[in-house]
Amino acid sequence: LLEALSISSTIASTFMVYQGLSLLVNCESPLVVVLRHVFLLHSGSMEPAFYRGDILFLTNFTSRRHETGDIIVYQVGSRQDIPIVHRIIETHDITQKSDTCRPPEQLILTKGDNNPVDDFELYKGVHWLERKHVVGTVRGFLPYVGYISVFLVRSFAYLL
């Protein structure tokens, strides 16, 4: 019973720290592991910047504009879609004529560093990314630390 309480306490503490970090950096997923694809079809779209198994640290402060060159994690479509890590190659500000008090809406175009073309085909009918598609901006990373997640995803993918 004591061991079960100890394990439960450790899991609960880890969850609370993760949720606290989420609130601190205003990002639903403040830590992301670069997995590529569940079945490990190697794309390497952000190599040599990031490799499979790297842990990315994200922030998502709404007061900060995204700039060309920023690396973002975005997700278009449902929450089941795999988030994509790519670099911003172009941004445009759109100001609504009827509301000049609001900050301009920002439209974003991305591309993987190792890809020959931009991500337009990945946007699923959306012409530009908007802030609502951005999960977070990469602020740092730890190389290869997330390999345990890669191993677990790979193991469970073969069981399905």
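Quick note: structure is the one above.
For clarity, every value in this text was computed on a predicted model and none was experimentally measured.

How each quantity is defined
- Residues numbered from 1 in each chain as written.
- Predicted model: local features only at pLDDT ≥ 70, side-chain atom pairs only at ≥ 80, totals over all residues.
- Heavy atoms only, no water.
- Helix = DSSP H or I, 4+ residues; strand = E, 2+ residues; numbered from the N terminus.
- Buried < 20%, exposed > 50% of the residue type's maximum accessible area, 1.4 Å probe, protein only.
- Contact = heavy atoms within 4.5 Å.
- Areas by Shrake-Rupley, 256 points an atom, 1.4 Å probe, with all protein chains shown as cover.
- Phe/Tyr/Trp six-rings, centres within 6.5 Å; stacked < 30°, edge-to-face > 60°.
- Salt bridge = Lys/Arg side-chain N within 4 Å of Asp/Glu carboxyl O.
- Expected span 1.5 Å × (residues − 1).
- Core = buried A, V, L, I, M, F, W, Y, C linked by side-chain atoms within 4.5 Å.
- Polar contact = N/O pair within 3.5 Å; in protein donor to acceptor, adjacent residues only side chain to side chain.

Structural notes on the overall build of the protein
Thinking step 1. A count of helices and strands for the protein gives two helices and six strands.
Thinking step 2. Starting at the N terminus and walking to the C terminus, you meet the elements of the protein as α-β-β-β-β-β-β-α.
Thinking step 3. Burial statistics for the protein: of 160 residues in total, 30% are counted as buried.
Thinking step 4. Considering only residue pairs separated by 6 or more positions, the protein has 60% of its internal contacts joining residues 24 or more positions apart.
Thinking step 5. When the accessible area of the protein is evaluated, it comes to approximately 10500 Å², of which 63% is carbon and sulfur surface.

Comments concerning the packing of aromatic side chains
Thinking step 1. With the rule as written, the count across this model stands at two aromatic pairs.
Thinking step 2. With 5.1 Å between their ring centres and 85° between their planes, Phe50 and Phe141 make a pair best called edge-to-face. Taken together, the positions of Phe50 in the loop between strand S1 (31-33) and strand S2 (55-59) and Phe141 in strand S6 (residues 134-142) put the pair 91 residues apart, joining distant regions of the chain.
Thinking step 3. When the centroid spacing of 5.7 Å and the interplanar angle of 80° are considered together, the rings of Tyr74 and Tyr123 count as edge-to-face. Taken together, the residues Tyr74 in strand S3 (residues 71-74) and Tyr123 in the loop between strand S5 (105-111) and S6 connect sequence positions 49 residues apart. For the residue pair Tyr74 and Tyr123, the accessibility class agrees, reading buried in each case.

A closer look at the environment of Pro48
Thinking step 1. Structurally, Pro48 can be placed in the loop between S1 and S2.
Thinking step 2. When the C-alpha positions of Pro48 and Asn114 are compared, they lie 8.0 Å apart, and in sequence the two are 66 residues distant.

Re the pattern of salt bridges
Thinking step 1. By the definition in use, this model includes five salt bridges.
Thinking step 2. Of the charged contacts in the structure, one is a salt bridge between Arg64 and Asp70, with a shortest N-O distance of 3.1 Å.
Thinking step 3. A salt bridge links Glu67 to Arg65, with the nearest nitrogen and oxygen atoms 3.3 Å apart.
Thinking step 4. The partly exposed category is assigned to Glu67, whose relative accessible area is 37%.

Some thoughts on helix H1 (residues 2-25)
Thinking step 1. Here H1 spans 35 Å end to end across 24 residues, near enough to the 34 Å set by a 1.5 Å rise per residue.
Thinking step 2. Immediately downstream of H1, the backbone of Asn26 shows phi near 55°, a positive value.

Quick notes on the nonpolar core
Thinking step 1. Formed by Val25, Cys27, Met46, Phe50, Leu56, Leu58, Ile71, Val73, Val85, Val135 and Val138, the largest nonpolar core amounts to 11 residues.
Thinking step 2. Of all the secondary structure elements, the ones that give two or more residues to this core are S2, S3 and S6.
Thinking step 3. With nine residues, the next largest nonpolar core counts Tyr74, Val76, Ile108 and Leu129 among its residues.

Considerations on the side chain of Gln106
Thinking step 1. Assignment of secondary structure puts Gln106 in strand S5.
Thinking step 2. Here Gln106 falls in the buried class, since its relative accessible area comes to 10%.
Thinking step 3. A distance of 2.6 Å separates the side chain of Gln106 from the backbone oxygen of His66, its partner in a polar contact.

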